[in-house]
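# Architecture at a glance
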Amino acid sequence: MTAAASTVELAANSSKIRPGRIIAWTLLFIGGLITITPLLYMFSTSLKSAGQVYDLRLIPAAPTLDNYIRVLSDGRFLRWFINSLVVATTVTVSNVFFDSLVGYTLAKFEFRGRYLVFLAILSTLMIPTEMLVIPWYLMSSQLGWLDTYWGIMFPGMMTAFGTFLMKQFFETVPNDFLEAARVDGLNEFTIWWKIAMPMVTPALSALAIFTFLGNWTAFFWPLIVVTSPENYTLPVGLSSFAVEQSIQWEMIMTGAALATIPTLIVFLVLQRFIVRGVMLAGLKG
Amino acid sequence: MARIELEGLTKQYGRVTAVKGIDLAIEDGEFVVFVGPSGCGKSTTLRMIAGLEDISGGVLRIGSEVVNQREPKQRNIAMVFQNYAIYPHMTVGQNIGFGLYTSGLPKAEKEKRIREAARILGLEELLERRPAALSGGQRQRVAIGRAMVRNPAAFLFDEPLSNLDAQLRSAMRIEIKRLHQRLGTTTVYVTHDQVEAMTMADRIVVMRDGNILQVGTPIELYDNPVDVFTARFIGSPAMNLLPGSAKDGGLTVGGAVVPGIDAGKLQTADVLVGVRPHDLTIGEGNGGGIALTGVVTAVEPLGAETLVHLDIAGTDVVATAPGRIVPAVESQVTARAAPGSLYLFDAKTEKALGRL
């Protein structure tokens, strides 16, 4: 086919809009609108004064940065921000390390009961968090973990989902690479760290991103396990702006807007890996 | 460098015995090729030598030491894999140097060895490149480089050329052969390609169903195969086999009587007569031997000669026509085999009975 002919065909294709495509675009547009509207209102509300909060216009009549100044000058916000950062980062690092270590072991080593161990880990995915909260709480209470970082973090330090994800990815790493390293004299831990891990970077990125975001926005368990305001994570802290008599929406929205910054940074920096990782893992955000 | 000795080496997977107590001594500096069809146990044997598979029975010695229980890293061997196994996240230089990761050598010495290996393999210009930017042949050279830098007691190659195209495979065969001549390191090479085995080996080990069928130099195996399997496996195109019967004091093959045979001396009446395509030529003979007449079913002109496929008494036979002679399909031709070029096998046991 000549270049001219292809151009003509392309033009013909683009001028002929198929009904299926119109439906798809419409649905995507509606979906996009549903997703972005709360975000826009969050930013809009953060720029409004307390009196304007119930004025539902998207563009504030008198935009102000007062809320940001108030939130940032309030020492509690910074503390909650740091708490969330410590919790989310620690849990993420822990998941990347332990999930992949266990996933690698299940994928690449033959041992009696391997399948049973995998099934046992996988079966925990079927237990809803709500059911686990009471045992977690009792455990934390008895071990003195209530109102501590460790108390917030321990249930998520290793996850069945992450282990499953990493196992699936490690299975795609050809054994020849690992055996070549074995012949070259590396021990099993170094083989995992130096050879296998760099070969599953997309999966590691996806796991890191989802773990970080999940823990950054976690609300239910931190709300239960933490009692002192100085140990609140950001979502729990922001919810404290809603007191019985009044809900300070403008403050909550400002805090929430600031809280999106790390997630935006994570997305912007790791965008390439997110798309690749999600595609490879067949994950949904 | 080292001598490698296999004594009753056995590998079992559950109830299946993949390698059935094989004995073999590979001499210091020798290039030994294990050849056989898929599932014959050749790769398993190599992996047992490497320490990547546990040994179920028997003794394995490298040098003079029994290494059955030793980890791969303690055996001082280097292995090159079929899919190259060069790490995609490292540069060529890092890949080659990875063989020295646990060596404890000073950095300068490592650098020196990497440069030397790269120079020998023609990879000097590519040291900073990633494997993704290399051709198949270059990747294989990197894998060989990684094995070389360690100065191992033995090189193990597991079908290293299988992923390359025919032209590159041919070039790499020569490179590996030259490398062996240069380094003189004991080499064990596994392939299912008999051409690789014939062209590279000092000695070939033919395996089938976990057993060693025959060990010998390429020419020994070509000239004196011990059975039908080895006879057909070694040599390209494969040896023709025609059913023959010894009766009435003579041996009849494809309607022709083989002269000078005392059929009474044969231990069996049912035999298979083998003749290599290059020993069965179309055209006038010099007398003696055997003349087989058949119908041409296909021709493969190769330039210097033509492979002629014949139907001789219901058996497909490949013969050669010299020079530019290309017989017409459907025509009737006579192919002649010179005296001494026929192989005789027992039809039941498939064991060799001798040459005619």
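Residues numbered from 1 in each chain as written. Chains lettered and ligands numbered in written order. Predicted model: local features only at pLDDT ≥ 70, side-chain atom pairs only at ≥ 80, totals over all residues. Heavy atoms only, no water.

## Re the overall build of chain B
- A tally of helices and strands in chain B yields 8 helices and 21 strands.
- Considered along the principal axes of its C-alpha atoms, chain B spans approximately 80 × 45 × 35 Å.
- The buried share of chain B, reckoned over its 356 residues, is 50%.
- At a minimum sequence separation of 6, the contacts of chain B that also span at least 24 residues come to 66%.
- Within the structure as shown, chain B displays about 15700 Å² of accessible surface, and the carbon and sulfur contribution to it stands at 47%. (Helix = DSSP H or I, 4+ residues; strand = E, 2+ residues; numbered from the N terminus. Buried < 20%, exposed > 50% of the residue type's maximum accessible area, 1.4 Å probe, protein only. Contact = heavy atoms within 4.5 Å. Areas by Shrake-Rupley, 256 points an atom, 1.4 Å probe, with all protein chains shown as cover.)

## Describing the confidence of the model for chain B
- With 96% of its residues at a pLDDT of 70 or more, chain B has an overall mean of 89.
- ipTM for the predicted complex: 0.80, alongside a pTM of 0.78. (pLDDT = per-residue confidence, 0-100.)

## Concerning the pattern of salt bridges
Residues and elements named next belong to chain B.
- Evaluated as defined, the whole model comprises 21 salt bridges over all chains.
- In this structure, Glu5 and Arg3 form a salt bridge, with 3.0 Å as the shortest nitrogen-oxygen distance.
- Glu53 is the salt-bridge partner of Lys11, the closest N and O atoms lying 3.8 Å from each other. You can see Lys11 sitting in strand E1 (residues 4-13) and its partner Glu53 sitting in the loop between helix H1 (42-50) and strand E4 (57-62), a full 42 residues away along the chain. Grouping residues by exposure puts Lys11 and Glu53 together as buried.
- Through salt bridges that share partners, Arg3, Glu5, Glu7, Glu27 and Arg61 make up one connected network. (Salt bridge = Lys/Arg side-chain N within 4 Å of Asp/Glu carboxyl O.)

## Notes on the sheet that holds strand E2 (residues 16-26) of chain B
All names here are of chain B.
- Spatial strand order, E2-E1-E4-E5: 4 strands in an open sheet with antiparallel pairing. At either end of the open sheet lies a strand with only one pairing partner, and these are E2 and strand E5 (65-66).
- Along the sheet, H1 makes contact with E1, E2 and E4, crossing E1 at roughly 115 degrees. (Pairing = 2+ DSSP bridges. Axes fitted to C-alpha atoms, helices over the stretch in contact; angles between N-to-C directions.)

## Let's talk about the interface of chain A and chain B
- Contacts between the two partners involve 17 residues from chain A, matched on the other side by 22 residues from chain B.
- In total, about 1700 Å² of surface goes out of reach between chain A and chain B, with carbon and sulfur atoms giving 64% of it.
- One salt bridge in this structure joins Arg150 of chain B and Asp184 of chain A, with 3.2 Å as the shortest N-O distance.
- There are 8 residue pairs in polar contact (both at pLDDT 80 or more) connecting chain A and chain B.
- When contributions to the side of chain A that touches chain B are tallied by element, the ones reaching two or more residues are helix H9 (175-183) and helix H10 (188-196) of chain A. (Buried area = accessible area lost by both parts, 1.4 Å probe. Polar contact = N/O pair within 3.5 Å; in protein donor to acceptor, adjacent residues only side chain to side chain.)

## Side note on the environment of Thr263 of chain A
- You can see Thr263 of chain A is positioned in helix H14 (residues 249-281).
- With 50 residues separating them along the chain, Thr263 of chain A and Leu213 of chain A place their C-alpha atoms 6.7 Å apart.

## Brief notes about the sheet that holds strand E7 (residues 154-158) of chain B
All names here are of chain B.
- Here we have 6 strands laid out as an open sheet, ordered E6-E7-E8-E3-E9-E10, and mixed in their pairing. Each end of this open sheet is capped by a strand with a single partner; those strands are strand E6 (77-80) and strand E10 (211-216). Taken pair by pair, the neighbouring strands of this sheet meet at an average axis angle of 20 degrees, ignoring direction.
- In the sheet, strand E3 (residues 31-35) pairs with strand E9 (residues 203-208) via 4 bridges, with the strands oriented parallel. The partner of Val33 across the bridge, within E9, is Ile204.

## Quick notes on the domain arrangement of chain B
Residue and element names in this part refer to chain B.
- In terms of domain boundaries, chain B breaks down into domain 1 (4-233) and domain 2 (240-355).
- Computed over C-alpha atoms, the centres of domain 1 and domain 2 are 38 Å apart.
- Interface area, domain 1 with domain 2, both sides summed: about 900 Å², of which 52% is carbon and sulfur.
- Linking domain 1 with domain 2 are 6 residue pairs in polar contact (both at pLDDT 80 or more), by the criterion used here. (Domains from an automatic or database assignment.)

## Thoughts on the nonpolar core
- Counting residues in hydrophobic clusters, the biggest one holds 59 residues, and the most contacted among them are Phe170 and Ile195 of chain A together with Ile4 and Phe34 of chain B.
- Dropping the residues within four chain positions of it, Phe170 of chain A is found in contact with Ser100, Gly103, Tyr104, Ala107, Lys108, Trp192, Ala196, Met197 and Val200 of chain A.
- Core analysis: the second largest hydrophobic core is formed by 41 residues, Ala78, Ala118, Leu164 and Val206 of chain B among them. (Core = buried A, V, L, I, M, F, W, Y, C linked by side-chain atoms within 4.5 Å.)

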